[in-house]
Amino acid sequence: IRSRIIGWMTLSVVFMNFMFGGVLGGASSITEEIRRGFIYRLMSTRLKPSEYFVGMSLSWIATLMVSITPVLALGFLVYGGTLAINPSSVEMLGVVAIILVAEVLAFSLGMIIGLLARSSDAATVIANIIVWATMMGGGFWIPKFMLPDFLKAFADVNPFSVLFYGLTDIAVYG
């Protein structure tokens, strides 16, 4: 049972990394682009905003994938965490899909915050409030079954929590 708990905790830290890296990174990236005037210059080119967003998203996905590598190595190789599925199984495709959706969701939320905030500092404060509230109340630090009822209700509707528990249901519990 210890190895599955470590597997769950490792995946929890991966999602927390997505929250910090994606939401805070997206918010600070877009506010910095606005501050430098790049967004306004972008509108004068033939590059579509959707193409710009896809390019930024792909670079952040790559960055987030690199940043979770040490977490996965420590959790599964050093601490002995295990999953209920085989890494070469079909279910692993679902796990990878959920991870990609979570990364894009985190970065997109960060970009929305950055577009609505007046400054990089304001975007960081707003993003931190969202990230910490989601982690504390969404069942990332403490498993959802241990949360008070009002926080369980929050975790049941929060998109990050839904993705995280979908992932752990597949990967940790089988």
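For the structure given in this document, a descriptive report is provided here. (Residues numbered from 1 in each chain as written. Predicted model: local features only at pLDDT ≥ 70, side-chain atom pairs only at ≥ 80, totals over all residues. Heavy atoms only, no water.)

**A short note on the packing of helix α3 (residues 49-78) against helix α4 (residues 91-116)**
Contact geometry for α3 and α4: axes closest at 10 Å, N-to-C directions at 120 degrees. Overall, the two elements α3 and α4 adopt an arrangement that is oblique. Here the hand of the crossing between α3 and α4 comes out right-handed. For the pair α3 and α4, contact is made by Phe53, Met56, Ser57, Trp60, Ile61, Leu64 and Met65 and by Ile99, Leu100, Glu103, Val104, Phe107, Ser108 and Met111, respectively. Of the residues assigned to the contact of α3 with α4, the class counts are 11 nonpolar, 2 polar and 1 charged. (Axes fitted to C-alpha atoms, helices over the stretch in contact; angles between N-to-C directions. Helix = DSSP H or I, 4+ residues; strand = E, 2+ residues; numbered from the N terminus. Parallel < 35°, antiparallel > 145°, perpendicular 65-115°, else oblique. Left-handed = near helix turned anticlockwise from the far one by under 90°. Contact = heavy atoms within 4.5 Å. Nonpolar A, V, L, I, M, F, W, Y, C, P; charged D, E, K, R; others polar.)

**Comments concerning the layout of surface pockets**
Space inside the largest pocket adds up to approximately 250 Å³. Leu72, Leu83, Met92, Val95 and Ile99 are the residues nearest the centre of the largest pocket, which is lined by 14 residues in total. Broken down by secondary-structure element, the contributors of at least two residues to the lining of the largest pocket are α3 and α4. Examining the composition of the lining of the largest pocket, we find that 5 residues originate from one element, α3, more than from any other. (1 Å grid on protein atoms, 1.4 Å probe; cavity = no way out; pocket = protein on both sides within 12 Å on 5 of 7 lines; lining within 4 Å. Points joined across faces, edges and corners; volume = space filled by probe spheres on them.)

**Digging into the packing of α4 against helix α7 (residues 159-171)**
Two elements in contact, α4 and α7, have axes separated by 10 Å at closest approach and are oriented at 165 degrees. Here α4 lies roughly antiparallel to α7, going by the angle between them. Every pair of crossing elements has a handedness; the one defined by α4 and α7 is left-handed. Between α4 and α7, the contacting residues are Glu91, Val95, Ile98, Ile99, Val101, Ala102, Leu105, Ala106 and Leu109 on the first element and Pro159, Phe160, Leu163, Gly166, Leu167, Ile170 and Ala171 on the second. Per-class residue counts for the contact of α4 with α7 are 14 nonpolar, 1 polar and 1 charged.

**Notes on a nonpolar patch on the surface**
Residues Trp132, Met136, Trp141, Ile142, Phe145 and Met146 make up a contiguous nonpolar surface patch of about 680 Å² in total accessible area. Structurally, Met146 is set in the loop between α5 (120-137) and α6 (149-157). In this structure Met146 comes out as exposed when scored by relative accessible area, which is 54%. (Patch = residues over 30% accessible without salt bridge, like charges linked within 9 Å, V, L, I, M, F, W, Y side chains within 5 Å. Areas by Shrake-Rupley, 256 points an atom, 1.4 Å probe, with all protein chains shown as cover. Salt bridge = Lys/Arg side-chain N within 4 Å of Asp/Glu carboxyl O. Buried < 20%, exposed > 50% of the residue type's maximum accessible area, 1.4 Å probe, protein only.)

**A few points about the nonpolar core**
Among the nonpolar cores identified, the biggest contains 33 residues, and Phe15, Phe18, Val23, Val95, Phe140, Phe164 and Leu167 are the most heavily contacted of them. Among the secondary structure elements, those contributing two or more residues to this core are α1 (2-35), α3, α4, α5 and α7. Of the residues forming this core, the biggest block, 10 residues, is contributed by α1. Setting aside residues up to four positions removed in sequence, Phe18 forms contacts with Val23, Leu64, Ile68, Ile99, Ala102, Glu103 and Ala106. (Core = buried A, V, L, I, M, F, W, Y, C linked by side-chain atoms within 4.5 Å.)

**Topic: α1**
Its 34 residues place the ends of α1 48 Å apart at the C-alpha level, agreeing with the 50 Å of an ideal helix rising 1.5 Å per residue. In the stretch just after α1, Gly37 is the one whose phi turns positive, near 85 degrees. (Expected span 1.5 Å × (residues − 1).)

**Here's the deal with the packing of aromatic side chains**
As enumerated under the stated definition, the model contains 10 aromatic pairs in all. Ring geometry for Trp8 against Phe164: centres 5.4 Å apart, planes inclined by 70 degrees, an arrangement best described as edge-to-face. In this pair, Trp8 sits in helix α1 while Phe164 sits in helix α7, placing the two residues 156 residues apart along the sequence. Each member of the pair, Trp8 as well as Phe164, carries the same accessibility label: buried. Residues Phe164 and Tyr165 carry aromatic rings whose centres are separated by 4.9 Å and whose planes lie at 80 degrees to one another, so their mutual orientation is edge-to-face. Looking at Phe164, the relative accessible area reads 0%, which means it is buried. (Phe/Tyr/Trp six-rings, centres within 6.5 Å; stacked < 30°, edge-to-face > 60°.)

**So, the environment of Phe53**
Examined against the element boundaries, Phe53 turns out to sit in helix α3. Placed 58 residues apart in sequence, Phe53 and Met111 show a C-alpha to C-alpha distance of 9.2 Å.

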